[in-house]
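# Structural features, examined
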Amino acid sequence: FIMSDVSDDITLAGYLFKRLYQVGLHAVHGVPGKHNIAILRKATDAGLEWVAHRSDLNAGIVADGYARVKGIAALISSFENMPSSVSTAIAASYQDRVPVVLVIGTPERKAQAQASKFHHSFFDAQPDVPRQPDEFQVLADCFEKITITQEFLVHPSEATAQIDTAIRGCIMQSLPVYIELPED
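Attention in this report is confined to the structure presented alongside it. Everything numeric here is computed off the predicted structure, so don't read it as measured data.

The first and last C-alpha atoms of helix H3 (residues 56-70) sit 20 Å apart over 15 residues, in line with the 21 Å expected at 1.5 Å per residue. Residues of H3 that are buried include every one of Asp56, Ala59, Gly60, Ala63, Asp64, Tyr66 and Ala67, and no others. Projected down its long axis, H3 carries its buried residues within an arc of 165°, all on one side. Away from its buried face, by an angle of more than 90 degrees, H3 presents the exposed residues Ile61 and Val69.

Attention now moves to the side chain of Asp56. Mapped onto the fold, Asp56 is located in helix H3. For the buried Asp56, no salt bridge is present, and the opposite-charge side chain at shortest range is Arg54, 13 Å distant. Within the structure, the side chain of Asp56 is placed 3.4 Å from the side chain of Ser77, a separation counted as a polar contact.

This part is about the sheet that holds strand S1 (residues 27-30). Spatial ordering of the open sheet is given by S2-S1-S3-S4-S6-S5, a layout of 6 strands whose pairing is parallel. Because the sheet does not close on itself, it has two edges, and the strands there are strand S2 (49-52) and strand S5 (150-152). Averaged over all neighbouring strand pairs, the angle between strand axes comes to 25°, with direction disregarded. With 6 bridges connecting them, strand S3 (residues 73-78) and strand S4 (residues 100-106) associate as parallel partners. For Ser77, the partnering residue across the bridge sits in S4 and is Ile104. Along the sheet, H3 makes contact with S1, S3 and S4, crossing S3 at roughly 165°.

What follows is about the pairing of S4. Summarising burial for S4: 7 of the 7 residues are buried, a large majority. Of the two faces of S4, the one lined by Val100, Leu102, Ile104 and Thr106 and the one lined by Val101, Val103 and Gly105 are each fully buried. Two strands pair when backbone bridges link them, and S4 and strand S6 (residues 177-182) are joined in this way by 6 bridges, in the parallel orientation. Across the sheet, the residue bridging to Val101 is Val177, located in S6.

Attention shifts here to helix H7 (residues 156-173). With 18 residues, H7 extends 26 Å from end C-alpha to end C-alpha; this agrees with the ideal 26 Å at 1.5 Å per step. In this structure, the buried residues of H7 make contact with helix H1 (12-22), S4, S5 and S6.

With that settled, consider the nonpolar core. The biggest cluster of nonpolar side chains holds 44 residues, and the ones touching the most others in it are Leu16, Phe17, Leu20 and Val28. Among the elements that line this core, the one with the most residues is H1, at 6 residues.

Next up on the list: the packing of H1 against H7. One way to put it is that H1 packs onto H7 with a least axis distance of 10 Å and a crossing angle of 25°. By the angle between their directions, the pair H1 and H7 is classed as roughly parallel. In this structure, H1 crosses over H7, and the sense of that crossing is right-handed. Judged by residue contacts, Leu12, Tyr15, Leu16, Arg19 and Leu20 of H1 engage Pro156, Ala159, Thr160, Ile163, Asp164 and Ile167 from H7. Looking at the contact of H1 with H7 residue by residue, the class counts come to 8 nonpolar, 1 polar and 2 charged.

Reading guide: rules and limits
- Residues numbered from 1 in each chain as written.
- Predicted model: local features only at pLDDT ≥ 70, side-chain atom pairs only at ≥ 80, totals over all residues.
- Heavy atoms only, no water.
- Helix = DSSP H or I, 4+ residues; strand = E, 2+ residues; numbered from the N terminus.
- Expected span 1.5 Å × (residues − 1).
- Buried < 20%, exposed > 50% of the residue type's maximum accessible area, 1.4 Å probe, protein only.
- Arc of directions from axis to C-beta.
- Lys, Arg positive; Asp, Glu negative; His and termini not counted.
- Salt bridge = Lys/Arg side-chain N within 4 Å of Asp/Glu carboxyl O.
- Polar contact = N/O pair within 3.5 Å; in protein donor to acceptor, adjacent residues only side chain to side chain.
- Pairing = 2+ DSSP bridges.
- Axes fitted to C-alpha atoms, helices over the stretch in contact; angles between N-to-C directions.
- Contact = heavy atoms within 4.5 Å.
- Core = buried A, V, L, I, M, F, W, Y, C linked by side-chain atoms within 4.5 Å.
- Parallel < 35°, antiparallel > 145°, perpendicular 65-115°, else oblique.
- Left-handed = near helix turned anticlockwise from the far one by under 90°.
- Nonpolar A, V, L, I, M, F, W, Y, C, P; charged D, E, K, R; others polar.

Scope: geometric values only; no functional claims are made or implied.
Written out as structure tokens, the structure is:
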């Protein structure tokens, strides 16, 4: 992998999907949600096919099968509707050593920093106290034992290295990884 910086003409999502395409991924699986529609568009812009599913469990099971055949898969979900079915599918991939990149669409970074309330949020942010993106750690903690890394793409200057490291680990260890990707 050659590390490079995210430029003004490519978004974090664009870079992520470009890198996944470069390692042989041709389709992403997922269910559309409030915080992943723009991310799914970036996947198709990068030349990936979006395979829509009716449930996150179905998407996870199909992504697992896709990875078994193609060598890597991507499962796209959204922050506001993270059911246990996503963790069930990822746990099965972990147990069987199947390389799946789990991408969770999160609210825009500005909204996160302003401590905006989110649908089904796990924490009680106070409007006058700026919230740090690491408070999304609560969600990532659910995946700590069933993914080999949990990456939070917040700073573009660090994101390319995080993306490349996660993809490399997913392929080299043949295990799932977790990436939180803000919709902006």
